[in-house]
Amino acid sequence: MEDKPKSANPNRLTPEDLATLLSNRRKKRVELEHIQADIEAGAPTNADGTLSVVAYAAWLLQEKHRGD
């Protein structure tokens, strides 16, 4: 019997899981180091260190338009 792939909660992804998810969607590798640098720069995280895809995307858009 095959194991089902674990389903991920998009509101509680580890930085590693987020890098994998974004890499798979973009067809271009997103480095874990890039996400960790974003966290150090202020990207929002949950109390347990996980990230929400929606909150991360909103933060990226905000950062993109900062200084415009």
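Anyway, here's the lowdown on the structure attached to this text. (Residues numbered from 1 in each chain as written. Predicted model: local features only at pLDDT ≥ 70, side-chain atom pairs only at ≥ 80, totals over all residues. Heavy atoms only, no water.)

All right, on to the packing of helix H2 (residues 32-40) against helix H3 (residues 53-65) then. Following both chains from N to C, one finds H2 and H3 inclined at 75°, their axes separated by 12 Å at the closest point. The orientation of H2 relative to H3 falls into the category roughly perpendicular. Residues His34, Ile35 and Asp38 of H2 form the contact with H3, whose own contacting residues are Tyr56, Trp59 and Leu60. Tallied by class, residues from the contact of H2 with H3 come to four nonpolar, one polar and one charged. (Axes fitted to C-alpha atoms, helices over the stretch in contact; angles between N-to-C directions. Helix = DSSP H or I, 4+ residues; strand = E, 2+ residues; numbered from the N terminus. Parallel < 35°, antiparallel > 145°, perpendicular 65-115°, else oblique. Contact = heavy atoms within 4.5 Å. Nonpolar A, V, L, I, M, F, W, Y, C, P; charged D, E, K, R; others polar.)

Let us now look at the nonpolar core. Among the nonpolar cores identified, the biggest contains nine residues, and these are Leu13, Leu18, Ala19, Val30, Ile35, Ala43, Leu51, Tyr56 and Trp59. Residue assignment for this core shows that the elements contributing at least two residues are helix H1 (15-26) and H3. Apart from residues lying up to four places away in sequence, Val30 is in contact with Ala19, Leu22, Ser23 and Ile35. (Core = buried A, V, L, I, M, F, W, Y, C linked by side-chain atoms within 4.5 Å. Buried < 20%, exposed > 50% of the residue type's maximum accessible area, 1.4 Å probe, protein only.)

A word on the pattern of salt bridges. For the coordinates displayed, the defined rule picks out three salt bridges. Measuring nitrogen to oxygen at the nearest pair gives 3.5 Å for the salt bridge that ties Arg12 to Asp48. Of this pair, Arg12 sits in the segment before H1 while Asp48 sits in the loop between H2 and H3; the two residues are 36 residues apart in sequence, bridging distant segments of the chain. The salt bridge involving Arg29 is made with Glu31; its shortest N-O contact spans 3.3 Å. Looking at Arg29, the relative accessible area reads 62%, which means it is exposed. (Salt bridge = Lys/Arg side-chain N within 4 Å of Asp/Glu carboxyl O.)

In the structure shown here, the tally under the stated rule is one aromatic pair. Aromatic side chains Tyr56 and Trp59 sit 6.4 Å apart centroid to centroid with 20° between the ring planes, which places their arrangement in the stacked category. Taken together, the positions of Tyr56 and Trp59, both in helix H3 and three residues apart, correspond to about one turn of that helix. Note on accessibility: Tyr56 and Trp59 belong to one class, buried. (Phe/Tyr/Trp six-rings, centres within 6.5 Å; stacked < 30°, edge-to-face > 60°.)

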